[in-house]
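Each chain, written out:
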Amino acid sequence: SLYLLPERSQIPLDRPSMDPNAALLSSPSPPRRTPAKSLGAWVVPISDETRAIIRQKTGFDRATTADLPAELDLSSCEALKDVSALGQVQQLNLRNCYAVKDVSTLGQVQHLDLTACRQLVNVSALGSVDVLVLCGCTAVIDVSALGRVRRLSLYGCNRVVDVSALGAVHELDLSHCSSLNDVSALGAVSKLNLSGCTFVTDVSALGNVRELRL
């Protein structure tokens, strides 16, 4: 199988897990803090609502952005809305956080899992994310800003039509993007998953793709 994320994350490129209990990241002990100064970021308080959710989920109190760990799993925190203070986290799991809409401050996160964030529309700020999982983000239409993402999963993003800007993505999962029909710009992608893309009929431009799933 193709893997979009590191092995420990257990998210296969061709069949991403929708299990709300499957965590992108896990740590049995308090994870290391993110060096805020090295990221050139301001240290600001975390909102009371978000702070309470982090404390309930992880067992640790994070009062400011300087207190945030490098790896943070907030999966299935359905009450979570405000993620504006989480941009300094390096690996962030927000899968099944259904209320998340605004991810404009998360552009510096390295590994970001937004699986099933169905209210999410605007992903234009995420072009610098290294590994980005948008499985089941059914409100997302415009992915033109994501051309620099190294590993990208749009599994089940059935409103995405134009992928012409994604030709430089190294590993790209477009499986079950049911509105997609033109993949002529993706010839330079190394690993490409088009399974379940029923309207894609012409793959003549994909001869150089190293690993292709149809």
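From a predicted model like this one, the values you see are computed outputs, not experimental measurements. (Residues numbered from 1 in each chain as written. Predicted model: local features only at pLDDT ≥ 70, side-chain atom pairs only at ≥ 80, totals over all residues. Heavy atoms only, no water.)

Chemist: Residues and numbers for the sheet that holds strand E5 (residues 151-153), please.
Modeler: In space, the eight strands of this open sheet follow the order E1-E2-E3-E4-E5-E6-E7-E8, with parallel pairing throughout. Bordering the open sheet on either side are strand E1 (71-73) and strand E8 (211-213), each of which pairs with just one other strand. Across the sheet, the mean angle from the axis of one strand to that of its neighbour is 0°, orientation sign disregarded. Here three bridges tie strand E7 (residues 191-193) to E8, and the two strands are oriented parallel to one another. Across the sheet, the residue bridging to Leu192 is Leu212, located in E8. (Pairing = 2+ DSSP bridges. Helix = DSSP H or I, 4+ residues; strand = E, 2+ residues; numbered from the N terminus. Axes fitted to C-alpha atoms, helices over the stretch in contact; angles between N-to-C directions.)

Chemist: Account for the environment of Ala116, naming residues and giving values.
Modeler: Within the fold, Ala116 resides in the loop between strand E3 (111-113) and strand E4 (131-133). We classify Ala116 as buried; its relative accessible area is 2%. Taking the C-alpha atoms as reference, Ala116 lies 5.2 Å from Cys137; in sequence the two are 21 residues apart. Ignoring sequence-local partners within four residues, the contact set of Ala116 consists of Asn96, Tyr98, Cys135, Gly136 and Cys137. (Buried < 20%, exposed > 50% of the residue type's maximum accessible area, 1.4 Å probe, protein only. Contact = heavy atoms within 4.5 Å.)

Chemist: Kindly report on the confidence of the model for the chain, identifying the contributing residues and their values.
Modeler: The predicted model of the chain has a mean per-residue pLDDT of 86, with 81% of residues at 70 or higher. Here residues 1-40 is modelled with pLDDT under 50, and outside its nearest four sequence neighbours on either side it reaches 106 contacts, counting other chains as well. (pLDDT = per-residue confidence, 0-100.)

Chemist: Help me get a handle on the environment of Cys77, residues and values and all.
Modeler: In this structure, Cys77 sits in the loop between E1 and strand E2 (91-93). The class for Cys77 is buried, based on a relative accessible area of 11%. With sequence-adjacent residues up to four places away left out, Cys77 is seen in contact with Ile53, Lys57, Asn96 and Cys97.

Chemist: Could you give an account of the nonpolar core, with specific residues and numbers?
Modeler: Core analysis: the biggest nonpolar cluster contains 53 residues, and Leu114 and Leu134 have the highest contact counts within it. The residues contacting Leu134, other than those within four sequence positions of it, are Leu114, Leu120, Val123, Leu146, Leu152, Ser153, Leu154, Tyr155 and Cys157. (Core = buried A, V, L, I, M, F, W, Y, C linked by side-chain atoms within 4.5 Å.)

Chemist: Can you lay out helix H1 (residues 48-58) for me, pointing to particular residues and giving the numbers?
Modeler: Of the positions making up H1, those classed as buried are Thr50, Ile53 and Ile54. Taken down its axis, H1 places every buried residue within 100° of arc, on the same side. In H1, the exposed positions angled more than 90 degrees off the buried face are occupied by Asp48 and Gln56. Where H1 is buried, its residues contact E1. (Arc of directions from axis to C-beta.)

Chemist: Go over the environment of Lys81 with me, naming the residues and quoting the values.
Modeler: Of note, Lys81 is situated in the loop between E1 and E2. Overall, Lys81 belongs to the exposed group, its relative accessible area being 54%. A sequence separation of 20 residues divides Lys81 from Lys101, and the C-alpha atoms of the two residues are 7.1 Å apart. When residues no more than four places from it in sequence are discounted, the contact partners of Lys81 are Glu49, Ala99 and Val100.

Chemist: Quick one: what's the story with the pattern of salt bridges, residue by residue and with numbers?
Modeler: Applying the stated criterion across every chain yields a total of six salt bridges. Residues Arg95 and Asp113 are paired through a salt bridge, measuring 2.9 Å at the closest nitrogen-oxygen approach. Here the residue Arg95 occupies a position in the loop between E2 and E3, and Asp113 occupies one in strand E3, the gap between them amounting to 18 residues. As far as burial versus exposure is concerned, Arg95 and Asp113 are alike and both buried. For Arg150, the salt bridge goes to Asp130, with nearest N and O atoms at 2.9 Å. Here the residue Arg150 occupies a position in the loop between E4 and E5, and Asp130 occupies one in the loop between E3 and E4, the gap between them amounting to 20 residues. One network of salt bridges, with partners in common, ties together Arg51, Arg55 and Asp61. (Salt bridge = Lys/Arg side-chain N within 4 Å of Asp/Glu carboxyl O.)

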